[in-house]
Amino acid sequence: MATTATTWGSRIGFILAGAGSAIGLGSIWKFPFWAGINGGSGFIIPYIIFTFTIGITLLIAELVVGRAGRGSALHALKHLGGPVFSVMGGIAVLTSFVILSYYSVVGGWCVKYLFDSLCGELVTNDPKVLQATFGALVGDGLTNSLWHFSFLTLTCGVVALGVVNGIERLSKYLLPTLFILMIVIMIRSLSLPGAMEGVKFLFDFSFDKLTWMSVLNAMGFTFFSLSLGCGIMVTYGAYLKDSTDIPNSSLWIAYLAIQTALLAGLMIMPAVFAMGQDPNAGPGLVFVTIPFIFSQIPFGWCFMILFNVCLLVAALTSSVSLLEVCIAYLQNEWHMKRISASILCYVGLALLGCVSALSFGVWSEVKIFDRIIFDFLDWFCSNIMMPLGGLSIALLAGWKAWNSTYIQVNLVRKYSASANSFIKFSLRFLAPLLVLVVIATGV
Ligand code: PFF
């Protein structure tokens, strides 16, 4: 069984690649509308708490398993846990593949919106036009599939270049650019009259906003947003040098993920409130409400372009991480070359993605558990597969391979006994318990 010899070029390169994976459509597309649907701070506060407790410990655990096991997610889990865990590793690879197939469809919408905003086509005073534009894109299977192919081409192109020359370089240049653009848009959004209502909506906390559902949703979102449970951080961990401090790097990744989600909220909600729009607009928030808002404000077209660049950058730095899980697997287990593995994945993902792309139009009648195929895959992966992946990592790193976990955590710097106890307690009891709750309510 081959193990990997590739390592990240630098620690900062790894942190940005890890943060790039975490910061994706989840942060910019899902977070604002989920915060909107779940009553703002009633969702945000639990999300921050979960991220800095179970989120961070599972992130540490995945990186630890990756570095101790080296190789693909399947190889690493098998190496540390034996045959049962190797099955879980295989499931993680499959989960990444399936997620990427539908993630890429949304990525395709981002490419299309960037293209349209560059052509000035999204500027209109009529929200119905934007609704119709979005409906036409999503409802037409062929158009939807073609944009999905375009996004997939970008993703496979970057990954085919390699870990350091492709993924690390992309994240190193694009992530700082993303932060700057988001800050510029946030300032513009906050400068609109009435914007403070949006800030209050996000951060004014009262206990009646905290519902059972908003807490559960926040827990599920923590998984999605930190890219946990589908082998990404295990795969990235395999490329870590022994001199990289895993807990410290994980803190940075979690911090950057939260900061970006909050920036996205501050970029979108103040503008939504200032323009009298509905914060509960759901998935259409960034593809319908935002273009409408930018159409109304001076130089809005310019901010619309910047906003769509942000969406595409975020989507791309995440999609490459999902693909890398599959590529590492094909390289390690099937001894394929990176280029051939990328081409094979391209073909498989293009086909599977078409199923999701068609599910908004001609196949919208096909329902699984009352959901169209796209929604079913998203629900199944986010609520069942990723939590299951998280559970197996917690059990492996917390129980079966605790000694390796301890060594890896303290390899660069000896952490205090209380920090180690917290990680152990969280992996052994807290994370499994909360993950089981997520799965039970998801089902
Ligand atoms: N964490 C990224 C996001 O929030 O968009 C990307 C992602 C990776 C999403 C893995 C889901 C996932 F399973």
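The following paragraphs examine the structure supplied in this document. Keep in mind it's a predicted model, so treat the numbers as computed, not measured.

## Notes on the site of the ligand
Taken together, the neighbourhood of the ligand is formed by 15 residues, with Gly-26, Ile-99, Tyr-103, Phe-224 and Met-386 sitting nearest. Taking Ser-21, its main chain carries an N or O atom lying 3.1 Å from a nitrogen atom of the ligand. Tyr-103 is positioned with one of its side-chain polar atoms (N or O) 2.7 Å from an oxygen atom of the ligand. Among the elements of the structure, helix H1 (11-22), helix H2 (25-37), helix H5 (83-118), helix H10 (212-225) and helix H14 (300-334) are those that each provide at least two residues to the shell around the ligand. Broken down by class, the residue content of the shell around the ligand amounts to nine nonpolar, six polar and no charged.

## A short note on empty space enclosed by the protein
Applying the stated rule across the entire model yields three cavities of 30 Å³ or more. Taken as a whole, the largest cavity encloses approximately 140 Å³ of empty space. Along the walls of the largest cavity sit 15 residues, with Ser-21, Tyr-103, Phe-224, Ser-227 and Leu-322 positioned nearest its centre. Within the residue set of the lining of the largest cavity, elements represented by two or more residues are H1, H2, H5, H10 and H14. A breakdown of the residues in the lining of the largest cavity according to their chemical character gives nine nonpolar, six polar and no charged.

## Notes on the layout of surface pockets
When its volume is computed, the largest pocket comes out at roughly 750 Å³. When contributions to the lining of the largest pocket are tallied by element, the ones reaching two or more residues are H2, helix H6 (127-139), H10, helix H16 (373-400) and helix H18 (417-442). When its residues are assigned to classes, the lining of the largest pocket shows 16 nonpolar, seven polar and four charged.

## Thoughts on the packing of H16 against H18
Relative to each other, H16 and H18 sit at 160 degrees, their axes nearing to 9 Å. Considered as vectors, H16 and H18 are oriented roughly antiparallel to each other. Helix-helix and strand crossings are classified by hand; for H16 and H18 the assignment is left-handed. Along the contact surface, H16 presents Trp-379, Asn-383, Pro-387, Leu-388, Leu-391, Ala-394, Leu-395, Ala-397, Gly-398 and Trp-399, while H18 presents Leu-427, Arg-428, Phe-429, Ala-431, Pro-432, Val-435, Leu-436, Val-438, Ile-439 and Gly-442.

## With respect to the pattern of salt bridges
Pairing is possible between side chains that carry opposite charge, provided their charged atoms lie close to one another. In total, this model carries six salt bridges according to the counting rule given. In this structure, Lys-112 engages Asp-116 in a salt bridge whose closest nitrogen and oxygen atoms are separated by 2.9 Å. Placement of the pair is Lys-112 and Asp-116 together in helix H5, with a separation of four residues, close to one helical turn. Accessibility classification places Lys-112 together with Asp-116 in one group, the buried group. For Asp-245, the salt bridge identified is with Arg-413, shortest N-O distance 3.5 Å. Linking Asp-245 in the loop between helix H11 (232-238) and helix H12 (246-274) with Arg-413 in the loop between helix H17 (402-409) and H18, this pair joins segments that are 168 residues apart in sequence. Take Arg-413: its relative accessible area is 42%, and that puts it in the partly exposed class.

## Quick notes on the packing of aromatic side chains
Going through the model one piece at a time under the given rule, you end up with 33 aromatic pairs. Considering the side-chain rings of Trp-252 and Tyr-255, the 6.0 Å spacing of their centres and the 85 degrees angle between planes classify their relative orientation as edge-to-face. Placement of both Trp-252 and Tyr-255 in helix H12 is noted, with a separation of three residues, approximately one turn of the helix. Looking at Trp-252, the relative accessible area reads 41%, which means it is partly exposed.

Rules used throughout
Along each chain, numbering runs from 1 in the same order as the chain's sequence is written. Restriction of local features to residues with pLDDT of at least 70 applies here, the model being predicted, together with a cutoff of 80 or more for giving and counting side-chain atom pairs; totals for whole chains, interfaces and linings are based on all residues. Hydrogens and water molecules were not included; the side-chain quantities draw on all heavy atoms of the structure. Nearness here has a simple test: a residue counts as near a molecule or strand if at least one of its heavy atoms is within 4 Å of that partner. Polar contact criterion, stated in full: a pair of N or O atoms within 3.5 Å, where within protein one must be able to donate a hydrogen and the other to accept it, and residues adjacent in sequence count only if both atoms are side-chain atoms. Strands are runs of DSSP state E lasting at least 2 residues, helices are runs of H or I lasting at least 4, and numbering of each runs from the N terminus. Ten residues, namely Ala, Val, Leu, Ile, Met, Phe, Trp, Tyr, Cys and Pro, are considered nonpolar, four, namely Asp, Glu, Lys and Arg, are considered charged, and the remaining ones, Gly among them, are considered polar. Of the grid points, spaced at 1 Å and generated over the protein atoms alone, those admitting a 1.4 Å probe that cannot get out make up cavities, while open sets with protein on both sides within 12 Å along at least five of seven lines make up pockets; any residue with an atom within 4 Å of a point is treated as lining. Grid points are joined across faces, edges and corners, and a volume is the space filled by probe spheres set on the points. For helices, the fitted axis covers only the stretch in contact; all axes are lines through C-alpha atoms, and the angles between them, taken along N-to-C directions, range from 0 to 180 degrees. Note that the term roughly parallel is reserved for angles under 35 degrees, roughly antiparallel for angles over 145, roughly perpendicular for angles of 65 to 115, and oblique for everything else. The crossing is said to be left-handed when, going from far helix to near helix, the turn is anticlockwise and less than a right angle, and right-handed when the turn is clockwise. Only heavy atoms matter for contacts: two residues are in contact if any of them lie within 4.5 Å across the pair. Salt bridges are defined as contacts in which a side-chain nitrogen from Lys or Arg sits within 4 Å of a carboxyl oxygen from Asp or Glu. Exposure categories follow from relative accessible area, calculated using a 1.4 Å probe and restricted to protein chains: below 20% of the type maximum is buried, above 50% is exposed, and the middle band is partly exposed. Side-chain rings of Phe, Tyr and Trp, where Trp is taken by its six-membered ring, are said to pair if the distance between their centres is within 6.5 Å; with planes under 30 degrees apart they count as stacked, over 60 as edge-to-face, and otherwise as tilted.

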